[in-house]
Amino acid sequence: MPNTPATYWKLHKVPILMALLGAILYYTFAFQLERTDYIKLLTLFAASFFLCLKLIQFEKWNLKFLLVVGVIFRLIFLITEPNLSQDYYRFIWDGHLVGNFINPYLEVPNDLIAQSDLVIPNAHALYDGMGNLSAKHFSNYPPLNQLLFAIAALLGGKSLMGSVLVMRTMIILADIGILYFGRKLLKNLNQSPHLIFWYFLNPLVIIELTGNLHFEGVMLFFFVWSLYLLSVKKWTLAAIPYALSICVKLVPLLFLPLFLKHLGLKKSITFYVIIGISCLLMFAPFYSPAFIANYSETVGLWFSNFEFNAGLYNAIKYIAIQFDGKPWELIKTYGKITPIVTILFVLLFTFLRDNQKIPTLITSMMAVLTLYYFMSATVHPWYIIFLVVLGVFTRYKYAVLWSATVVLSYYAYSQADFKENLTLITVEYISVYVFLIYEIFNSKEQFVIFRKN
């Protein structure tokens, strides 16, 4: 049968119609949704997620079709401002600072906005948009992220939408890079290449990264590239993109000890040295005597001052209220304990688990990050995307479920005071806990510390 448009339509009519419906859903999400309309948001997200599942089911071997569909879904957001996040105002603010050789780790917006000769275009619009919480703190975004902000600010000039367009293009290209290296890594691990579409077509990924301009996708591009290089035994080269990943978002720092058994002592030391030198070179232009103190203080706030969409923390907080009624003191104490417990888990998975093989190493990473998120007092929806990527290369798919149920936390966006609905949060976490337990007991690859290759 000749491969004509009519023939293609006949063979792929249902997937094409689903893709068109998906495009309508994303258009509605991008152009006709107010984040206070929770029911509409939930409905659009749920329908998009269902279509994602069905598209992968029907066309999982049709790489070109799914690639084109995924790109089109992203391009729908190209000329819109994010409607679920205001972080991009701070991105553009920091970008203009860096572009004018002003250190964003040494100046807070609250102080700069009072200057009459401030060089930032649209300064008051950016200041008002970022909100009081961001405006009173130093920047917490690592240096490579700052460079990307600067490029967006430079190319965007005085146009906010111009800067948004540049950042969105970066994020879309990063997602395509994840698809490219992710498929190559899956092939090296003797897994089906179509599994990468659980990331590429995931509505949470499209909405939170392309739509809301979170740079987790750029971090994950360098991270997956590094894993691919490790899979082909180019571990010295792998250290470079791994360092770049850290310098976009700090999360990959958490996994560094796990490479000790994967590479062996001598190789791992060289690996760490390359990463360390690369990171120092990228941080060096921003260094000053006050830099370390300011940056450490700002990053530390995420452990001790903020709370959103927490699992274990909310349960402990509820118990604390019943006994002493002083939950406001809990987050600071809890924030001091969480890093210690996390480090202990990392050490356990480093020394008591054999991580020589890439699949085992990735499973260890997934376990450590999952435990951290379960304990964390702040789990923004886009954080789960890292688990989605790791899950692509393992037998565990609970992160896909979590990427669906995390939409329940968006309820807080519909409230003027951002008050969470703890019943919805409980449903989110119980669903993930139950499915994770089910996968642990039914998986051939044990999700435990004492795992032998």
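Quick note: structure is the one above.
Residues numbered from 1 in each chain as written. Predicted model: local features only at pLDDT ≥ 70, side-chain atom pairs only at ≥ 80, totals over all residues. Heavy atoms only, no water.

Caption draft 1: Just the overall build of the protein, in detail. A tally of helices and strands in the protein yields 21 helices and zero strands. Its C-alpha atoms give the protein a radius of gyration of 22 Å, near enough to 22 Å, the size a compact globule of 453 residues would have. In terms of overall dimensions, the protein has C-alpha extents of about 70 × 50 × 50 Å along its principal axes. Buried residues in the protein amount to 57% of all 453 residues. Roughly 20100 Å² of accessible area belongs to the protein as shown, and the carbon and sulfur atoms make up 68% of that amount. Side-chain charges of the protein comprise 33 positive and 23 negative groups, with the mean position of each set lying 16 Å from the other. (Helix = DSSP H or I, 4+ residues; strand = E, 2+ residues; numbered from the N terminus. Rg over C-alpha atoms; globule rule 2.2 N^0.38 Å. Buried < 20%, exposed > 50% of the residue type's maximum accessible area, 1.4 Å probe, protein only. Areas by Shrake-Rupley, 256 points an atom, 1.4 Å probe, with all protein chains shown as cover. Lys, Arg positive; Asp, Glu negative; His and termini not counted. Charge placed at Lys NZ, Arg CZ, Asp CG, Glu CD.)

Caption draft 2: Broad picture of the packing of helix 18 (residues 358–375) against helix 19 (residues 384–392). Running from amino to carboxyl end, helix 18 crosses helix 19 at an angle of 155 degrees, the nearest separation of the two axes being 10 Å. In terms of orientation, helix 18 and helix 19 fall into the roughly antiparallel class. At the point where helix 18 passes helix 19, the crossing takes the left-handed sense. Taking contact as the criterion, the partners of I362, M365, M366, L369, T370 and Y373 in helix 18 are, on helix 19, I384, F386, L387, L390 and G391. (Axes fitted to C-alpha atoms, helices over the stretch in contact; angles between N-to-C directions. Parallel < 35°, antiparallel > 145°, perpendicular 65-115°, else oblique. Left-handed = near helix turned anticlockwise from the far one by under 90°. Contact = heavy atoms within 4.5 Å.)

Caption draft 3: Spatial organisation of the nonpolar core. Ranked by internal contacts, the top residues of the largest apolar core, which has 149 residues, are W93, Y199, F215, F255, F393 and W402. A per-element tally of this core places helix 8 (residues 160–188) first, with twelve residues. (Core = buried A, V, L, I, M, F, W, Y, C linked by side-chain atoms within 4.5 Å.)

Caption draft 4: Spotlight on the side chain of S226. Secondary-structure assignment places S226 in helix 11 (residues 216–231). The exposure class assigned to S226 is buried, which follows from its relative accessible area of 0%.

Caption draft 5: Representation of the environment of F222 in the model. On the secondary structure map, F222 appears in helix 11. Residue F222 is classed as buried on the basis of its relative accessible area, which comes to 13%. Between the alpha carbons of F222 and I240 there is a distance of 8.8 Å; along the sequence they are 18 residues apart. Apart from the residues within four sequence positions on either side, F222 is in contact with L144, P241, Y242, L244, S245 and V248.

Caption draft 6: Quick look at helix 3 (residues 63–75). The terminal C-alpha atoms of helix 3, which comprises 13 residues, lie 18 Å apart, in line with the 18 Å expected from a rise of 1.5 Å per residue. Where helix 3 is concerned, the buried positions are F65, L66, V69, G70, V71, F73 and R74. (Expected span 1.5 Å × (residues − 1).)

Caption draft 7: Region of interest: the pattern of salt bridges. Within the structure shown, the criterion is met by five salt bridges. The shortest N-O distance in the salt bridge between E307 and K317 comes to 2.8 Å. Placement of the pair is E307 in the loop between helix 15 (291–304) and helix 16 (312–323) and K317 in helix 16, with a sequence separation of ten residues. E307 sits in the partly exposed class, given a relative accessible area of 33%. (Salt bridge = Lys/Arg side-chain N within 4 Å of Asp/Glu carboxyl O.)

Caption draft 8: Summary view of the packing of helix 11 against helix 12 (residues 235–246). Two elements in contact, helix 11 and helix 12, have axes whose closest approach is 8 Å; the angle formed by their N-to-C orientations is 170 degrees. Between helix 11 and helix 12, the angle falls in the class roughly antiparallel. When you trace helix 11 past helix 12, the crossing you get is left-handed. In this structure, helix 11 contributes M219, F222, F223, W225, S226, L229 and L230 to the contact, and helix 12 contributes W235, L237, A238, P241, Y242, L244 and S245.

Caption draft 9: Highlighting the environment of D94. Its place among the elements puts D94 in helix 4 (residues 87–99). In this structure, the C-alpha to C-alpha distance between D94 and K357, residues 263 residues apart in sequence, is 40 Å. Setting aside residues up to four positions removed in sequence, D94 forms contacts with P104, S139, Y141, Q146 and F149.

Caption draft 10: Spotlight on the environment of W225. When you line up the elements, W225 lands in helix 11. Considering only alpha carbons, one finds W225 and G182, 43 residues apart in sequence, at a separation of 7.8 Å. In contact with W225, other than residues within four places in its own chain, are F181 and P241.

That is the geometry; function is a separate question.
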